[in-house]
Amino acid sequence: MILDVQNVSLNYGPLHVLKDISFSLRERERLALVGPSGCGKSTLIGLIAGLRQACAGQILHRGQRVESPSRERVVIFQNHALFPWATALENVEFALRARGRKNVREEALHWLETMGLTPFAETYPKQLSGGMAQRVGLARALAADPDILLLDEPFSSLDVLTRDRLLEEVLPALTALGKTLILVTHSIDEALFVGDRVLCLSPRPGRIERVLETPFDKPRRLIEFKRQSGFLELEARLYSWLRGQEDLREPDSTIYI
């Protein structure tokens, strides 16, 4: 296993945010995290990234305890967090220089090409659309060559058409590169489309309510994907659960594990 989260809990004073979270992540697996607002999804991402420490339990990355940030675990936030004074190319070059790489221009151009951004290499962030800026952020993250990509609602600020197009273009690239990733999202179809598994957190304090295997074919395209047998049923059940109308702890052996 590339990642082991073992009995992790986190409190902020008297406020219990996460309680007894345990799961493992396989190499090259894509895991989606869903749950009601305030259940601790982004907090869990921060713990895995090493940005903060749990009150109880531990997180192991390749058997080593996570105690501080590392370029082996890169976070991509809702805001692309690009350097506004640097071009798209220079933003990607920064990640390569941090790795001590030589010939950074050539390699940075490669990552921009991977994200379909070669014509915008000399463009500044303020001149890019939201979707393009997120692609530059992804290119910079990939240039850092992390072991695990941690995506904290990176597409939530985009309109639906831009988000869907970005998902369809970026996911195959990440799959081809063999990247392991964890995605936090409020979008049910996004979670089902991206995730090999979907981890469902309860309302605060966040506990693991259910882990779902997504039984859909790969590679995935959104239009065909939403037409697959079982998609609408699974989407509806997750939606009902998020609204507090259904208990996912009730087993359904055809879809859930």
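Residues numbered from 1 in each chain as written. Predicted model: local features only at pLDDT ≥ 70, side-chain atom pairs only at ≥ 80, totals over all residues. Heavy atoms only, no water.

Caption draft 1: Geometry of the side chain of glutamate 107. Mapping glutamate 107 onto the fold places it in helix α3 (residues 104-114). The contacts of glutamate 107, once residues within four sequence positions are left out, are Leu96, Arg99 and Arg101. (Helix = DSSP H or I, 4+ residues; strand = E, 2+ residues; numbered from the N terminus. Contact = heavy atoms within 4.5 Å.)

Caption draft 2: Seen up close, the sheet that holds strand β10 (residues 208-213). Taken together, the six strands give an open sheet; going across it, the order is β6-β7-β8-β3-β9-β10, and neighbouring strands pair in mixed fashion. The outermost strands of the open sheet, each flanked by one partner alone, are β6 (73-76) and β10. Pairs of neighbouring strands in the sheet enclose a mean axial angle of 15 degrees, with direction left out of account. The pairing of strand β3 (residues 30-34) with strand β8 (residues 180-184) spans four bridges and is parallel. Its bridge partner lying in β8, leucine 31 is registered against isoleucine 182. (Pairing = 2+ DSSP bridges. Axes fitted to C-alpha atoms, helices over the stretch in contact; angles between N-to-C directions.)

Caption draft 3: Main features of the layout of surface pockets. The computed volume of the largest pocket comes to approximately 450 Å³. Lining the largest pocket are 21 residues, and of these Val74, Val75, Arg140, Ala141 and Ala144 lie nearest its centre. Secondary structure elements with two or more residues in the lining of the largest pocket: β6, α2 (88-98) and α4 (130-143). Per element, the largest residue contribution to the lining of the largest pocket is four residues, and it comes from β6. Residue composition of the lining of the largest pocket, grouped by class: 13 nonpolar, four polar and four charged. (1 Å grid on protein atoms, 1.4 Å probe; cavity = no way out; pocket = protein on both sides within 12 Å on 5 of 7 lines; lining within 4 Å. Points joined across faces, edges and corners; volume = space filled by probe spheres on them. Nonpolar A, V, L, I, M, F, W, Y, C, P; charged D, E, K, R; others polar.)

Caption draft 4: Seen up close, the sheet that holds strand β5 (residues 64-65). Taking strand neighbours across the sheet as the criterion, the four strands line up as β2-β1-β4-β5 in an open arrangement whose pairing is antiparallel. Looking along the sheet, the strands with just one partner apiece sit at the ends: β2 (15-25) and β5. Both strand β4 (residues 56-61) and β5 contribute to a ladder of two bridges, which runs antiparallel. Counterpart to leucine 60 in the pairing with β5 is arginine 65.

Caption draft 5: Main features of the pattern of salt bridges. As enumerated under the stated definition, the model contains 13 salt bridges in all. Arginine 62 is the partner of aspartate 147 in a salt bridge, and the nearest nitrogen-oxygen pair spans 2.5 Å. Taken as a pair, aspartate 147 in the loop between α4 and β7 (148-152) and arginine 62 in the loop between β4 and β5 lie far apart in primary sequence, 85 residues in all. Exposure remark for aspartate 147: the relative accessible area of 17% places this residue in the buried category. (Salt bridge = Lys/Arg side-chain N within 4 Å of Asp/Glu carboxyl O. Buried < 20%, exposed > 50% of the residue type's maximum accessible area, 1.4 Å probe, protein only.)

Caption draft 6: The confidence of the model for the chain, seen in detail. Looking at the chain as a whole, the pLDDT averages 87, with 92% of positions reaching at least 70. Looking over the chain, one finds the lowest element-wise mean pLDDT in helix α7 (residues 222-225), namely 70, and the highest in β4, namely 97. Confidence over residues 251-257 falls short of pLDDT 50; this stretch has 14 contacts with residues more than four positions distant or in other chains. (pLDDT = per-residue confidence, 0-100.)

Caption draft 7: Representation of the packing of aromatic side chains in the model. Per the counting criterion, the structure on display carries two aromatic pairs. Arranged with centres 4.9 Å apart and planes meeting at 85 degrees, the rings of phenylalanine 83 and phenylalanine 94 form a pair that is edge-to-face. Of the two residues, phenylalanine 83 sits in the loop between β6 and α2 while phenylalanine 94 sits in helix α2, which places them 11 residues apart along the sequence. Among the aromatic residues, ring-to-ring pairing joins Phe83, Trp85 and Phe94 into one connected group. Looking at arginine 140, its charged tip hangs above the ring of phenylalanine 83, at a distance of 5.2 Å from the centre. (Phe/Tyr/Trp six-rings, centres within 6.5 Å; stacked < 30°, edge-to-face > 60°. Lys NZ or Arg CZ within 6 Å of the ring centre and 35° of its normal.)

Caption draft 8: Region of interest: the state of the cysteines. Enumeration over the complete set of coordinates arrives at zero disulfides. Cysteine 39 forms no disulfide, and the closest cysteine sulfur to it belongs to cysteine 200, at a distance of 9.8 Å. The exposure class of cysteine 39 is buried, given its relative accessible area of 0%. (Disulfide = S-S within 2.5 Å.)

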